[in-house]
Amino acid sequence: QVQLVESGGGLVQAGGSLRLSCAASGSVSSVYSMGWYRQAPEKQRELVASVTSGGGTNYAYADSVKGRFTIFRDNAKNMVYLQMNSLKPEDTAVYYCSADVRTFASVRRNYWGQGTQVSVSS
């Protein structure tokens, strides 16, 4: 079993900052890509940012967050973070952590966290 646990969401005024954290635990042998997605009411879930590791580190960001959000990870702790600056009301959504994990049983699949609410007031 693998669990992804997020923290750090909350309510912030426009222009403010939040940092989200996500820890992968349980039967984790290797963690490949990690990322953050978000889903606003009545909208589809979308990629916010992702980071890969192994053979070079690659980053990807949604155009809407480039220059404002930064994703980084701590491989030793199997954690990924999302630093969100200059937040806008349109960033309001439930944010989900995602990780591509190989377990000790050599099963590789994608896992999701339970989600954390980010609300930005104008």
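Residues numbered from 1 in each chain as written. Predicted model: local features only at pLDDT ≥ 70, side-chain atom pairs only at ≥ 80, totals over all residues. Heavy atoms only, no water.

1. A word on the pattern of salt bridges
Then step 1. Scanning all chains against the criterion turns up 5 salt bridges.
Then step 2. A salt bridge links arginine 68 to aspartate 91; the nearest nitrogen and oxygen atoms lie 2.8 Å apart. Within this pair, whereas arginine 68 is found in the loop between β6 (59-61) and β7 (69-74), its partner aspartate 91 is found in the loop between β8 (79-84) and β9 (93-103), the two being separated by 23 residues in sequence.
Then step 3. In this structure arginine 68 comes out as buried when scored by relative accessible area, which is 10%.
Then step 4. Residue aspartate 91 is classed as buried on the basis of its relative accessible area of 1%. (Salt bridge = Lys/Arg side-chain N within 4 Å of Asp/Glu carboxyl O. Helix = DSSP H or I, 4+ residues; strand = E, 2+ residues; numbered from the N terminus. Buried < 20%, exposed > 50% of the residue type's maximum accessible area, 1.4 Å probe, protein only.)

2. So, the state of the cysteines
Then step 1. In this structure the tally under the stated criterion is 1 disulfide.
Then step 2. Each sulfur in the disulfide pair cysteine 22 and cysteine 97 lies 2.0 Å from the other. Across the disulfide from cysteine 22 to cysteine 97, rotation about the S-S bond amounts to roughly -80°, and the bridge is consequently left-handed. Taken together, the positions of cysteine 22 in strand β3 (residues 18-26) and cysteine 97 in strand β9 put the pair 75 residues apart, joining distant regions of the chain. Here cysteine 22 matches cysteine 97 in class, with each residue buried. (Disulfide = S-S within 2.5 Å.)

3. Topic: the nonpolar core
Then step 1. Trp36, Val48, Phe69, Val80, Leu82, Met84 and Tyr95 are the most contacted members of the largest nonpolar core, which has 31 residues in total.
Then step 2. Among the secondary structure elements, those contributing two or more residues to this core are β1 (2-7), β3, β4 (28-39), β5 (46-51), β7, β8, β9 and β11 (116-121).
Then step 3. The biggest single contributor to this core is β9, with 5 residues.
Then step 4. The contact partners of tyrosine 95, leaving out residues within four places of it in the chain, are Glu6, Leu20, Trp36, Tyr37, Arg38, Val48, Phe69, Leu82, Met84, Gly115, Thr116 and Val118. (Core = buried A, V, L, I, M, F, W, Y, C linked by side-chain atoms within 4.5 Å. Contact = heavy atoms within 4.5 Å.)

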